[in-house]
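Structure assessment
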Amino acid sequence: MARAVTSRRKIINTVVAWGIGFLIFFPILWIVILSFKAEGDAIRTPIEVLTAPWTFENYSIVQARSNYSMHFFNSVVISFGSTILGLIIAVPAAWSMAFVPSRRTKDILMWMLSTKMLPAVGVLYPIYLMFIQLGLLDTRTGLMIVLMLINLPIIIWMLFTYFKEIPVDILEAARMDGASLREEILYVLTPMAIPGMASTVLLNVILAWNEAFWTLNLTAANAAPLTAFIASYSSPEGLFYAKLSAASVMAIAPILILGWFSQKQLVRGLTFGAVK
Amino acid sequence: MGQIQLHQVSKSFGATEVIPPLDLTIEDGEFVVFVGPSGCGKSTLLRLIAGLEDVSAGQVLIDGLDATKVAPAKRRLAMVFQSYALYPHMSVRKNIAFPLRMAKLDKADQEERIAKAAAVLNLTDYLDRRPGQLSGGQRQRVAIGRAIVREPAAFLFDEPLSNLDAALRVGMRLEISELHKRLKTTMIYVTHDQVEAMTMADKIVVLNSGMIEQVGSPLELYLRPRNTFVAGFIGSPMMNLIDGPEAEKLGAATIGVRPEHIDISKTEGIWTGTVGVSEHLGSDTFFHVLTDAAPEPLTVRAAGEMALDYGARVHLTPRPAQVHRFDANGLRIE
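Being a predicted model, the structure only gives us computed values, none of them experimental. (Residues numbered from 1 in each chain as written. Chains lettered and ligands numbered in written order. Predicted model: local features only at pLDDT ≥ 70, side-chain atom pairs only at ≥ 80, totals over all residues.)

We now examine the overall build of chain A. When helices and strands are tallied, chain A shows 14 helices and zero strands. Order of helices (α) and strands (β) in chain A, N terminus to C terminus: α-α-α-α-α-α-α-α-α-α-α-α-α-α. Along the longest, intermediate and shortest principal axes, the C-alpha atoms of chain A span 70 × 65 × 30 Å. Per-residue burial over chain A gives 32% buried out of 276 residues. Considering only residue pairs separated by 6 or more positions, chain A has 77% of its internal contacts joining residues 24 or more positions apart. (Helix = DSSP H or I, 4+ residues; strand = E, 2+ residues; numbered from the N terminus. Buried ≥ 20, exposed ≤ 12 C-beta atoms within 10 Å, placed from the backbone. Contact = placed C-beta atoms within 7 Å.)

Structure below.
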């Protein structure tokens, strides 16, 4: 039976929910608004900001002053590259833990998750030194490796959960039907795991795209992705609110669009197995 | 051909021995049913034959050749799973074609075999549907179709009917028996349902705690159960097993008498008791009668409809020729 909710209650709940939603969304909305205001108007009181004339000048200035397309390219390479690199390691790892588990499988999974509990700054110094030694500082390759390692536990965990959902019977049926291990993975497991793999890829691209700690600390100019591009408009060069906002909008727009178009896939993937 | 032999086959998971060493021969063309309570090792035994589990010791021979180390794919066996285990992303046609595709058969041959299997199993109209769009019975047929197209040496069925409702189960039971008569291929069928075992099998293997309690035709098991376990397991309703003085009178530790071998009378008989619950099936009536012969109520079957009030006094007489006697170890006394 559906729970009875009075209409007054419903209205209150709806208003509160929208209020909270708006509160969370507000900073992003404000950034978008500021990005279309003149630098002088951007630091005024909110009412004055809203009534000030709209302009595109910030976008053209930002575009002229920094190389947006280079940062964009770096972001794409680093986020997709680290995800693909991660999948190459995670698919076999998750496969073996899901289908041929040993007594230690649970411990290994917990250990991998525990690495996420360590504050990143704790290993910054050793990694920075290693990067200098290996000549990886300010290279896309270096960032791809670091971001892959950061996200690997999440990729493995997600894939492991999806693989677990696939009934072993079906894989055994394929074996009985004469499929080799390669054919079993190619024709049976992979098609069934595609929704899960897709959402894993999406989530990790988003995580890597937004990652700021390592991208800021391990890059200078050549490999700097969009996060570094935003940061370049903050304090060191003075607070240019409007330009900072324009840069932020340009940095988050691609991933926002990607997330928007794939939200169905993402939600489906993330709640996969939650029901039945 | 499809003769399967097990030589001293055993299986342990870690320190637990689920199947102590056993020998079993399944002749070509036989319909063999493994039956036993849940956890008796019947599915494990089937999986050992399939190669989905490795034997801990012993040998599996298929047509006289040692298949112990052969991969499941290469044993020429087809299996039907309890969960059907259809490929959800493939149409019925592709599901049935899968083993043929794996065997690299040419397209024309594939089509011909699929059409034949679909006709046999009434699936022709469903070939382009996905498994998700089929009913339980149709899914089971697809699973069987996928098994028969390969023309395997033997079919393995792992409780294939337990997910179906009662009416469908009876229908599919007949279809599988029919299929066996037509194909004459060896079939090994695992079930916990002794009615399925009795109605389908040429030979029944009764398992308990991984051990074979008895191997024989359904009638042999019914008429001459080797021990009290088989006596209690085969037959429905269950055989009445009576210990104590009544058994001692006949020189046994336990006697067993089936419900259909006890005569019930209002006037005279050997055992006296009162009627408890009666079950009226129309064709038969089952009475549960509490007697002085045993602490538990005895089940009695009367053919046709018979009305006796709850608490009525009745007299029971077992038919002497059909009383089974067992010794203190539960073994049959001839």
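Here the narrative resumes, following the displayed structure.
Attention now goes to the overall build of chain B. For chain B, the helix and strand inventory stands at nine helices and 19 strands. Seen through its principal axes, chain B has C-alpha atoms that stretch 75 × 45 × 35 Å. Every one of the 334 residues in chain B was classed for burial, and the buried ones make up 40%. Excluding contacts between residues fewer than 6 apart, the proportion of contacts in chain B whose partners are at least 24 apart in sequence is 63%.

Looking now at the sheet that holds strand β11 (residues 240–243) of chain B. Ordered by their spatial adjacency, four strands build an open sheet running β11-β12-β18-β19 (chain B), and the pairing between neighbours is antiparallel. The sheet is open, and its two borders are formed by β11 and β19 (332–333) of chain B, each paired with just one other strand. (Pairing = 2+ DSSP bridges.)

Quick look at the packing of helix α6 (residues 105–114) of chain A against helix α8 (residues 140–165) of chain A now. For any two helices packed against each other, the geometry is given by the interaxial angle and the distance between the axes. Residue and element names in this part refer to chain A. Here α6 crosses α8 at 140°, and the two axes come no closer than 9 Å. Classified by the interaxial angle, the pair formed by α6 and α8 is oblique. The chirality of how α6 crosses α8 is left-handed. Residues Leu-109, Met-112 and Leu-113 of α6 form the contact with α8, whose participating residues are Pro-153, Ile-156, Trp-157 and Phe-160. Classifying every residue of the contact of α6 with α8 by side-chain character gives seven nonpolar, no polar and no charged. (Axes fitted to C-alpha atoms, helices over the stretch in contact; angles between N-to-C directions. Parallel < 35°, antiparallel > 145°, perpendicular 65-115°, else oblique. Left-handed = near helix turned anticlockwise from the far one by under 90°. Nonpolar A, V, L, I, M, F, W, Y, C, P; charged D, E, K, R; others polar.)

Residue and element names in this part refer to chain B. Judged by pairing direction, the sheet is antiparallel, and its four strands sit side by side in the order β2-β1-β4-β5 without closing on themselves. For this open sheet the edge positions go to β2 (16–26) and β5 (65–66), each flanked by a neighbour on one side alone. Against the sheet, helix α1 (residues 42–50) makes contact with β1 (4–13), β2 and β4 (57–62), and its axis sits at roughly 120° relative to β1, the strand it touches most.

Another aspect to go through is the domain arrangement of chain A. Residues and elements named next belong to chain A. On domain assignment, one finds that chain A holds domain 1 (7–58) and domain 2 (60–270). Its C-alpha centre places domain 1 at a distance of 31 Å from the equivalent point of domain 2. Of all the elements in the fold, those that place two or more residues in the side of domain 1 that touches domain 2 are α1 (7–35), α2 (39–42) and α4 (57–65). (Domains from an automatic or database assignment.)

All names here are of chain B. Counting buried positions over the nine residues of α1 gives eight, a clear majority of the element. Those residues of α1 lying buried are Lys-42, Ser-43, Thr-44, Leu-45, Leu-46, Leu-48, Ile-49 and Ala-50. Immediately downstream of α1, the backbone of Gly-51 shows phi near 95°, a positive value.

Another aspect to go through is the interface of chain A and chain B. Of the residues lining the interface, 15 residues belong to chain A; the matching set on chain B comes to 18 residues. The greatest single-element share of the side of chain A that touches chain B, amounting to six residues, is contributed by helix α9 (residues 168–176) of chain A. For the side of chain A that touches chain B, the per-class residue count stands at eight nonpolar, two polar and five charged.

The phi torsion of most residues other than glycine is negative, and most of the peptide bonds are trans. All names here are of chain B. For the peptide bond that leads from Ser-236 to Pro-237, omega is -5°, which places it in the cis range. Here Pro-237 is to be found in the loop between α8 (228–233) and β11. Backbone geometry places Tyr-84, a non-glycine residue, at a positive phi of 70°. Topologically, Tyr-84 is positioned in the loop between β6 (77–80) and α2 (92–102).

Right, let's talk about the domain arrangement of chain B for a bit. Residue and element names in this part refer to chain B. Here the domain parsing of chain B yields domain 1 (4–230) and domain 2 (238–333). The partner domain 2 presents eight residues to the six residues of domain 1 that form the contact. Counted by class, the side of domain 1 that touches domain 2 contains two nonpolar, two polar and two charged residues.

Attention now goes to the environment of B:Thr199. All names here are of chain B. Note on placement: Thr-199 falls in helix α6 (residues 194–200). Note on Thr-199: 14 C-beta atoms within 10 Å, which makes it partly exposed. In the structure, Thr-199 is positioned 19 residues away from Pro-218 in sequence and 7.9 Å away in space, judged by C-alpha atoms.

Quick look at the nonpolar core now. Core analysis: the largest hydrophobic core is formed by 138 residues, its most contacted members being A:Leu159, B:Val33, B:Met79, B:Leu156 and B:Ile188. At 14 residues, α8(A) tops the list of elements feeding residues into this core. Not counting residues within four places of it along the chain, the set of residues in contact with B:Met79 comprises A:Ala173, A:Met176, B:Ala50, B:Ala147, B:Leu156 and B:Asp158. (Core = buried A, V, L, I, M, F, W, Y, C linked by C-beta atoms within 7 Å.)

The next thing to look at is helix α5 (residues 68–99) of chain A. Each full turn of the α-helix corresponds to 3.6 residues, which orients residues three or four apart in the same direction. A rise of 1.5 Å per residue sets the reference length of α5(A), with its 32 residues, at 46 Å; its end C-alpha atoms lie 45 Å apart and thus fit the reference within 8%. At A:Ala90, α5(A) is bent by approximately 30°, the largest bend along its length, and proline A:Pro92 sits one to four residues beyond. (Expected span 1.5 Å × (residues − 1). Bend = angle between axes of the 7 residues up to and from the residue.)

Here we take up the pairing of β4(B). A regular strand places its side chains so that they alternate between the two faces of the sheet. All names here are of chain B. With five bridges joining them, β1 and β4 adopt antiparallel strand pairing. Across the sheet, residue His-7 finds its bridge partner in β4, namely Gln-59. Of the strand pairs in this sheet, β4 and β5 are connected by two bridges, and their pairing is antiparallel. Opposite Ile-62, over in β5, you have Leu-65 as the bridge partner. In this antiparallel pair of consecutive strands, β4 and β5, the connection spans two residues, and Asp-63 shows a positive phi of 50°.

Residues and elements named next belong to chain B. In terms of burial, strand β8 (residues 186–191) is a largely internal element, six of the six residues being buried. Of the two faces of β8, the one carrying Thr-186, Ile-188 and Val-190 and the one carrying Met-187, Tyr-189 and Thr-191 are both buried. Examined bridge by bridge, strand β3 (residues 31–35) and β8 share five bridges and lie parallel to one another. Bridging across to β8, Val-32 finds its partner in Ile-188. Pairing of strand β7 (residues 154–158) with β8, which is carried by five bridges, proceeds in the parallel orientation. What sits directly across from Phe-157, in β8, is Tyr-189. In this view, the connection linking β7 to its parallel neighbour β8 by way of helix α5 (residues 166–183) has right-handed handedness. (Right-handed = clockwise from strand over helix to strand, strands pointing away.)

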